[in-house]
Amino acid sequence: MSVTFLWFVSSPGLEVSHSTGLLDSVRHVKFLDSSKVMSRDFGSIRVEKDKEKGWRLCSLSTDMKYACVGRSGLESASNFPLIANVLANPAAGEVAVSSEQKVYDVVLKQASLVKRKLGATGELDAKPDIALPGNLSLLNEAYDRCGEICAEYAKTFYLGTLLMTPERRRAIWAIYVWCRRTDELVDGPNASQITPTALDRWESRLEELFQGRPFDMLDAALADTVAKFPVDIQPFKDMIEGMRLDLKKPRYKNFDELYLYCYYVAGTVGIMSVPIMGISPNSEATTESVYNAALALGIANQLTNILRDVGEDASRGRVYLPQDELAQAGLSDEDIFAGKVTDKWRNFMKSQIKRARMFFDEAEKGVTELNEASRWPVWASLLLYRQILDEIEANDYNNFTRRAYVSKAKKFLSLPAAYARSIVPPSRKLSPVMKT
Ligand SMILES: CC(C)=CCC/C(C)=C/CC/C(C)=C/CC/C(C)=C/[C@@H]1[C@@H](COP(=O)(O)OP(=O)(O)O)[C@]1(C)CC/C=C(\C)CC/C=C(\C)CCC=C(C)C
């Protein structure tokens, strides 16, 4: 996977290795009070009534033992028999659950955390900074540094965040920086030295920071963010799991496997971001449906990223495309390594692009439901990334030797279009509760 983030990212080489990473010099910053860490006990089994999807029986256990049977928001729109809900596994005498369903459990868990944190008022308590007074300026410095990194690596996105409230803006910066550091572990300049053990250490660090014990200054900003906003640790852990897959899994058998990978490395970003960006108090959408849209945007972005980078990934021996679908199209890894654009390849790409667009369509339904100030950067991100698919088509599906690229002029034109969409309000107000 290539690793510059959307259109915003300009410079490579952010140092984030476990021991020598960016600002690791500021270590053992112990100014966060672990006693203020919120409880994350989700109980075990719940019966959920989902507005659009009917009743579903779900395990909400934190250990990710999935037991959820239900329908996906995407399958109705899908022409692809690709997202199976429940996969029978007769050999084991068990019912295996599809990736989509596993991921939906994370969505439900995050949504239920948001609901519980909001309580009856529908508003988040604005918690004070959890630093001791003497260290408040350190915390501010930490957030400022996150802002600087964001501005350096994702300029347009950074500008978009300036529309958000100061609290939300700096929280998004802190999440952005953690995601980028995580991604750089396997895709950055020190990637060749990264081992599964290093990722395990990164995960322990994550657990510590969620307990209010950050390792460095940038972690401290995130520790403060997760203590203030109803953010679950699971998507963060899952992103690290995605990096583990990148170390050990060179091929994806089918779309179910690829879907899980896309969730790990990108869908997680959507789920982490919504509790910060907030849902409009005027939205009548269910919390779950907004999280589903956020997940869909992450998946759409990652699928697009994979389709754009086929040649580049192949040069590193990597093929992310579903093997069974390649075979059905009469293609194999050899065709990808040969890098020849044939009619078989064009047809295959058409169907892959179609699927990525379906995920973008699904995501679009949720953007309007976000808090007004958060919509513009999301629309901008969506419109710009979606155009990469158009560029692949314009390149006659040659994603072996030509990198689909959205020109500066087109990017620039997308910004007012994104703004225009962002001022469209959610359909109508029903109840002010249960949103953030
Ligand atoms: C507004 C907004 C976009 C917020 C997201 C802020 C945030 C926390 C970003 C972190 C991004 C990051 C550094 C992720 C690390 C993993 C990674 C690199 C994922 C890939 C991104 C782009 O890859 P790459 O850097 O290679 O791209 P380029 O080469 O530069 O093109 C990803 C493909 C995925 C990133 C996923 C998202 C941005 C998810 C966006 C979803 C939301 C913000 C939820 C919106 C809410 C609704 C309701 C739709």
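Thresholds, definitions, all that
Residues numbered from 1 in each chain as written. Predicted model: local features only at pLDDT ≥ 70, side-chain atom pairs only at ≥ 80, totals over all residues. Heavy atoms only, no water. Helix = DSSP H or I, 4+ residues; strand = E, 2+ residues; numbered from the N terminus. Buried < 20%, exposed > 50% of the residue type's maximum accessible area, 1.4 Å probe, protein only. Salt bridge = Lys/Arg side-chain N within 4 Å of Asp/Glu carboxyl O. pLDDT = per-residue confidence, 0-100. Contact = heavy atoms within 4.5 Å.

Okay, unusual backbone geometry next. Backbone geometry places aspartate 396, a non-glycine residue, at a positive phi of 55 degrees. Tracing the sequence through the fold places aspartate 396 in the loop between α14 (372-394) and α15 (408-422). Here aspartate 396 falls in the partly exposed class, since its relative accessible area comes to 36%. Notably, tyrosine 397 is not glycine yet its phi reads approximately 65 degrees, a positive angle. Mapped onto the secondary structure, tyrosine 397 falls in the loop between α14 and α15.

Attention now goes to the pattern of salt bridges. Scanning the model with the defined rule gives 34 salt bridges in all. The partner of aspartate 219 in a salt bridge is arginine 205, with the nearest N and O atoms 3.0 Å apart. Taken together, the residues span a long stretch of sequence, with aspartate 219 in helix α6 (residues 217-228) and arginine 205 in helix α5 (residues 196-210) at a distance of 14 residues. For aspartate 219, a relative accessible area of 2% corresponds to the buried category. The buried category is assigned to arginine 205, whose relative accessible area is 5%. Here arginine 346 makes a salt bridge to aspartate 343, at a shortest N to O gap of 2.7 Å. With arginine 346 and aspartate 343 both in helix α13 (residues 343-367) and three residues apart, this pair spans about one turn of that helix.

It is worth spelling out the confidence of the model for the protein chain at this point. For the protein chain, per-residue confidence averages 78 on the pLDDT scale, and residues scoring 70 or more make up 72% of the total. No element of the protein chain has a lower mean pLDDT than strand β2 (residues 54-59), at 25, and none a higher one than helix α11 (residues 323-328), at 98. Scored below 50 in pLDDT, residues 1-90 makes 263 contacts in the model with residues more than four places away or belonging to other chains. Ignoring residues within four places in sequence, the model shows residues 429-435, a span with pLDDT below 50, making 20 contacts including any to other chains.

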